[in-house]
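Working through the structure, step by step
The residues making up each chain are set out below.
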Amino acid sequence: MQGRWREVSPCDPIDLPQNKLEPQFINYAATHGFLCRFNTEFVSFTESHTNGTVDVTVKDTVFQQTFKIRCKFLFGADGARSRIVNQLGLPLTKDQGGGLAWSILVKADLAHLMDSRKGSLHWIYQHDVGHPDWGWIGFPRTVNEWDEWLIIFLPVPGYKMITPPSTDEWMKRINQFIGDDSVKVEILDVAKWQINEIYANQYSKGRIFCLGDAVHRHPPANGLGSNTCIQDAFNLAWKISYVLKGKLQVSFHEDVILTFLVHQELREWNCWTRTTQRDSLSAERLSNGKLDFHCRTRQMF
Ligand SMILES: Cc1cc2nc3c(=O)[nH]c(=O)nc-3n(C[C@H](O)[C@H](O)[C@H](O)COP(=O)(O)OP(=O)(O)OC[C@H]3O[C@@H](n4cnc5c(N)ncnc54)[C@H](O)[C@@H]3O)c2cc1C
């Protein structure tokens, strides 16, 4: 697997599950001049067009105190249930989505099964084994080589849950997947989630910019979730940094930030069509979208 990545990418591949990647980001940010506030909840914001500021109300959840932070810009990276997107009232386009999925975090030492088939992500479809409707196919993904795994289970199409599977049922299905009864399995967590296909038609208003899952949620194929979120942050950060450092004329600011939006939204279409295999539509959508998005984003300023 790594061999293929190396062939097609100019970068060295590294595979880090999010529980290992995110502490790296926080560590870097906290030691490079960023104030990282934990236990602090965004409540609401008020934008002042006259002052060119945004007053953000936040709540310290330990001391239960509410206070305000005055900012030049506010970035809404608060995930799929974004309050910032909600307050801004950004319009969302929702596609059909992929229905229900389960993530089961397990402790199970599978090192001996990796000898001949090393891979951080495996597809498992056992056509010769009877399956329950709630657990048709699945994707074990390494969290810690090779003794901790997150197994994503997909039910059969059209499945409607009446009662969630019991721990014994999960155990049985996981053992079927592993196919080796001598492996000791411990279930650490069971989470149910929806495969979303949602994006905001507009990413910002005034001095508030939204990014990441707050404005686009992808099906898991292609691993576009975190990747696109990180690209959003990188793209927005260098452009805002140029504005703050005064490297751009005031009259030019809007255009530079505007390009963030246009690129972002076009890239979104691109990823979107890739994820959902609608390649035939993408060229037409991109060329039409370019004009549409350009016009739409221009109206924001
Ligand atoms: C089961 C599963 C598997 C996935 N696998 C992959 C994968 O293999 N590859 C991939 O690239 N992506 C994957 N993704 C997608 C990826 O996890 C997301 O796209 C990514 O984490 C989104 O990052 P984000 O920073 O935009 O949002 P989040 O990671 O959701 O972060 C938002 C943060 O904002 C905080 N927050 C929310 N509301 C408030 C508030 N009011 N005040 C203060 N803080 C708030 C939340 O606590 C959270 O810390 C997967 C997602 C799921 C569910």
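Look a little higher up for the structure.
Residues numbered from 1 in each chain as written. Predicted model: local features only at pLDDT ≥ 70, side-chain atom pairs only at ≥ 80, totals over all residues.

We now examine the overall build of the protein. Scanning the protein from terminus to terminus reveals eight helices and 13 strands. The proportion of buried residues among the 301 residues of the protein is 19%. For the protein, the share of sequence-separated contacts (at least 6 apart) that also reach a separation of at least 24 residues comes to 57%. (Helix = DSSP H or I, 4+ residues; strand = E, 2+ residues; numbered from the N terminus. Buried ≥ 20, exposed ≤ 12 C-beta atoms within 10 Å, placed from the backbone. Contact = placed C-beta atoms within 7 Å.)

Our focus in this paragraph is unusual backbone geometry. Across the junction of Glu145 and Trp146, the peptide omega takes the value -20 degrees, indicating a cis bond. Within the secondary structure, Trp146 sits in the loop between β7 (137–144) and β8 (148–154). Within the chain, Asn39 stands out as a residue other than glycine whose phi angle is a positive 50 degrees. Relative to the elements of secondary structure, Asn39 occurs in the loop between α2 (18–30) and β1 (40–48). If you check the backbone angles, Gln64 has positive phi at about 55 degrees while not being a glycine. The topology assignment puts Gln64 in the loop between β2 (53–60) and β3 (65–71).

This next bit is on helix α5 (residues 167–178). A rise of 1.5 Å per residue sets the reference length of α5, with its twelve residues, at 16 Å; its end C-alpha atoms lie 16 Å apart and thus fit the reference within 8%. What α5 keeps buried is the set Trp170, Arg173, Ile174 and Phe177. Around the axis of α5, the buried residues are gathered within 100 degrees of arc, so they sit on the same side. Considering only its buried residues, α5 is in contact with β6 (99–107), β7, β8 and β9 (186–195). At the C-terminal side of α5, Gly179 shows a positive phi close to 75 degrees. (Expected span 1.5 Å × (residues − 1). Arc of directions from axis to C-beta.)

Next up on the list: the environment of Ile26. By the element assignment, Ile26 lies in helix α2. With 12 C-beta atoms counted inside 10 Å, the residue Ile26 sits in the exposed group. Along the sequence, Ile26 and Cys36 sit ten residues apart, while their C-alpha atoms lie 7.8 Å from each other.

By nearness alone, 19 residues border the ligand, and Phe42, Gly79, Gly212, Gly225 and Ser226 come closest of all. When contributions to the shell around the ligand are tallied by element, the ones reaching two or more residues are β1 and α6 (224–244). In terms of residue count, the dominant contributor to the shell around the ligand is α6 (four residues). Partitioned by chemical class, the residues of the shell around the ligand number seven nonpolar, eight polar and four charged. Per-domain counts for the shell around the ligand show at least three residues from each of domain 1 (17–71) and domain 2 (73–93 + 198–301). (Near = placed C-beta within 6 Å. Nonpolar A, V, L, I, M, F, W, Y, C, P; charged D, E, K, R; others polar. Domains from an automatic or database assignment.)

Across the sheet, four strands lie side by side as β7-β8-β6-β9; this open sheet has antiparallel pairing. The open sheet terminates on both sides in strands that have one partner only, identified here as β7 and β9. Averaged over all neighbouring strand pairs, the angle between strand axes comes to 20 degrees, with direction disregarded. In the sheet, β7 pairs with β8 via seven bridges, with the strands oriented antiparallel. Residue pairing for β8: Thr142 is matched across the bridge by Trp149. Contacts from α5 reach β6, β7, β8 and β9 within the one sheet, and its direction differs from that of β9 by about 95 degrees. (Pairing = 2+ DSSP bridges. Axes fitted to C-alpha atoms, helices over the stretch in contact; angles between N-to-C directions.)

Okay, the sheet that holds β2 next. In spatial order, the strands read β1-β2-β3; together these three strands make up an open sheet with antiparallel pairing. Strands at the two margins of the open sheet, each flanked by one partner only, are β1 and β3. Ignoring which end each strand starts from, the neighbouring axes of this sheet average 25 degrees apart.

With respect to the element layout, Thr142 can be found in strand β7. Between the C-alpha atom of Thr142 and that of Leu105, which follows or precedes it by 37 residues, the distance is 9.9 Å. With residues near it in sequence (within four places) discarded, Thr142 still touches Ser120 and Trp149.

Time to look at the environment of Lys107. Looking at the element boundaries, Lys107 is found in strand β6. Sequence-distant contacts of Lys107, that is, excluding residues within four places in its chain, are made with Asp147, Glu148, Glu186 and Leu188.

A few words on the pairing of β1. Where β1 and β2 come together, eight bridges link them in antiparallel fashion. Directly across from Glu47, in β2, lies its bridge partner Val54.

What follows concerns the nonpolar core. Counting residues in hydrophobic clusters, the biggest one holds 17 residues, and the most contacted among them are Val85, Ala200, Phe209, Cys210, Leu211 and Val215. For this core, the elements supplying multiple residues, two or more each, are β4 (74–76), α3 (83–88), β10 (198–200) and β12 (208–210). Look past the residues within four positions of Phe209 in its chain and what remains in contact with it is Phe73, Phe75, Gly76, Tyr203, Ser204 and Leu236. With eleven residues, the next largest nonpolar core counts Ile104, Trp149, Ile151 and Trp170 among its residues. (Core = buried A, V, L, I, M, F, W, Y, C linked by C-beta atoms within 7 Å.)

The analysis is restricted to geometry; functional conclusions fall outside its scope.
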